[in-house]
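Chain by chain, the residues run as shown.
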Amino acid sequence: MRRYHVTTFGCQMNAHDSERIKGMLEELGLGEAPSQEDADVLVFNTCTIREKPDQKFAAHLAQAAAVKRRSPDKVIAVGGCYAEAQRGRLFELYPYVDVAFGPGSIPHLGEWLGAGGFGLDRGSFGLEERSFAGELPMHRDRTFQAWVQISMGCNSKCAYCIVPAVRGREVSRRPGDVVAEVTRLAVEGVREVTLLGQNVNSWGRDLAPEIHTEFGELLRACDAVDGIERIRFTSPHPKDFRRPVIEAMADCETVCEHAHLPLQSGSSRILKTMRRTYTRERYFRLVDELRSAIPDLALSTDLIVGFPGETEDDFYDTMAAVEEVGFDSAFTFVYSPRAGTEAAAMQEQIPDDVKRDRIERLVDVVQRTAARRNAERVGRVEEVLVEAPSRTDQTLLRGRTRRNTTVNFSGEAAPGELVDVLIDGATSMTLRGAQAARVAA
Ligand code: SAH
Ligand code: SF4
Ligand code: F3S
């Protein structure tokens, strides 16, 4: 039997795409190999959001090239966002790559291999051939948690971001298809689903006039599916977070008390040049609205430092915003110019040493704020979905609260179970506790 190996970089969207890639390869009769060396088809599902993932991929591919020198009949397939961004010159940069496919054209990898890809001419498939990976067979490693793709592409024009160029314009999956998949997953034993889209809050707009719907309605439809205990979603864009979605979050028992709400910068001036189309004040108003509707809401965010033209004052506004909102966690990024984006061509690029200094200071504020927020949980009972033994101490279990914080706790429960945990300790990243009692199923 021929075997494949998939290496995945980047976001949850890519991780989910890899489940589809694997499912499709298995349908073609390939088995999964434990390592690149053991595989006949080596797949790389790439990311190009910042320069770092590009470099990581280059290092991995150099290894694959060495494998292929030893066994020339191996197939090297490069998919994902970097493949799309470099489509014109990927074969030139990496002569040993056999097939390239963009994030929207995963099915074409299967067609190419199915047509006898071994020994075939090189293949390259991109944006113009997009279709929903969500319609492909899926290989899931996780049994009780699953991702569900609700849209592909992005219509925003964030000045720093390469995603619209590599994933194309937004196309929403039809509500019936989404709900059918969630129902299928529930029947298979999935208890927690995460709805995925670059901007989940603009979901549905492109379905008009045929279908008039919005994301809040989709949340309600998924909430109604029997067997699903928890619904998460990522990411909503603050500019599109409307009342019906807030109301659905408040009303639906299964929708978790957590929103990942990318702020990017706390300076209205920088937000404007980033083309985020909201101000600091509007973001704060949204936070207030969310918190008054969902009292125990956890908020996480994405922040960029060193965007072109960012002054010390602008940066200060970002640090102050972290404290003022009180984020439970935040991903912090150093701005990385991406070829072809608006910001890459801007004057006033920020020197590396300034960026490094700012990210250090920002990480510090983020950690202090997160530690304070987590400390507030001590003494409370949290509902935890058990995931596995703890990474640091095998005698403990690990799981996540509805607010999406990792908890290491003592207790007896199986992965996939929901348990109540009394929280007795906290760091900036995790909580600690002891199991109280099983939550009645
Ligand atoms: N569509 C999602 C995720 C986009 S990528 C959203 O809008 O939330 C995830 C994060 O990477 C972004 O939120 C942003 O903070 C960061 N990012 C994107 N492009 C970047 C760049 N060129 N340099 C640094 N960080 C970037
Ligand atoms: Fe990129 Fe902005 Fe779209 Fe997110 S919303 S994917 S940051 S362009
Ligand atoms: Fe995701 Fe990276 Fe593409 S963050 S959308 S895999 S560029």
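Since the structure is predicted, the reported quantities are computational estimates derived from the model, not experimental observations. (Residues numbered from 1 in each chain as written. Chains lettered and ligands numbered in written order. Predicted model: local features only at pLDDT ≥ 70, side-chain atom pairs only at ≥ 80, totals over all residues. Heavy atoms only, no water.)

*Asks:* Explain the pairing of strand E13 (residues 298-305) residue by residue, including any values.
*Replies:* Across the 8 residues of E13, 8 count as buried, placing the element largely inside the fold. Where burial is concerned, the two faces of E13 agree: the one with Ala 298, Ser 300, Asp 302 and Ile 304 and the one with Leu 299, Thr 301, Leu 303 and Val 305 are both buried. Across 3 bridges, strand E12 (residues 258-260) lies against E13 in parallel orientation. Paired with Ala 259 across the two strands is Leu 299, which belongs to E13. You can see the chain leave E13, run along helix H12 (residues 312-325) and come back into strand E14 (residues 329-334), and the turn it takes is right-handed. (Buried < 20%, exposed > 50% of the residue type's maximum accessible area, 1.4 Å probe, protein only. Helix = DSSP H or I, 4+ residues; strand = E, 2+ residues; numbered from the N terminus. Pairing = 2+ DSSP bridges. Right-handed = clockwise from strand over helix to strand, strands pointing away.)

*Asks:* Give a description of the nonpolar core that names residues and reports values.
*Replies:* Leu 195, Phe 215, Leu 219 and Met 249 are the most contacted members of the largest nonpolar core, which totals 66 residues. Two domains each put at least three residues into this core: domain 2 (142-256) and domain 3 (258-376). Those residues in contact with Met 249 that lie beyond four places of it in its chain are Leu 219, Phe 233, Phe 241, Val 255, Cys 256, His 258, Ala 259, Leu 290, Ile 294 and Leu 297. By size, the runner-up hydrophobic cluster in this structure holds 19 residues, among which are Tyr 4, Val 41, Ala 77 and Phe 101. (Core = buried A, V, L, I, M, F, W, Y, C linked by side-chain atoms within 4.5 Å. Domains from an automatic or database assignment. Contact = heavy atoms within 4.5 Å.)

*Asks:* Which residues make up the packing of helix H9 (residues 243-251) against helix H11 (residues 280-293), and what values do they have?
*Replies:* Across the interface, H9 lies against H11 with an axial gap of 9 Å and an inter-helix angle of 30 degrees. The pairing of H9 with H11 is recorded here as roughly parallel in orientation. Here H9 and H11 pass one another in a crossing that is right-handed. For the pair H9 and H11, the contacting residues are Arg 243, Ile 246, Met 249 and Ala 250 in the first and Leu 286, Glu 289, Leu 290 and Ala 293 in the second. (Axes fitted to C-alpha atoms, helices over the stretch in contact; angles between N-to-C directions. Parallel < 35°, antiparallel > 145°, perpendicular 65-115°, else oblique. Left-handed = near helix turned anticlockwise from the far one by under 90°.)

*Asks:* Got a sec to walk through the site of ligand 1? Specific residues and values, please.
*Replies:* What surrounds ligand 1 is a group of 14 residues, the closest being Tyr 160, Gln 198, Gln 264, Asp 302 and Ser 336. One of the side-chain nitrogen or oxygen atoms of Gln 198 is found 2.7 Å away from a nitrogen atom of ligand 1. Ser 235 is positioned with one of its side-chain polar atoms (N or O) 3.4 Å from an oxygen atom of ligand 1. For ligand 1, whose free accessible area comes to 540 Å², the fraction covered by protein is 88%. Split by residue class, the shell around ligand 1 holds 7 nonpolar, 4 polar and 3 charged. Residue-level mapping places the shell around ligand 1 at the junction of two domains, with at least three residues from each of domain 2 (142-256) and domain 3 (258-376). (Near = heavy atom within 4 Å. Polar contact = N/O pair within 3.5 Å; in protein donor to acceptor, adjacent residues only side chain to side chain. Areas by Shrake-Rupley, 256 points an atom, 1.4 Å probe, with all protein chains shown as cover. Nonpolar A, V, L, I, M, F, W, Y, C, P; charged D, E, K, R; others polar.)

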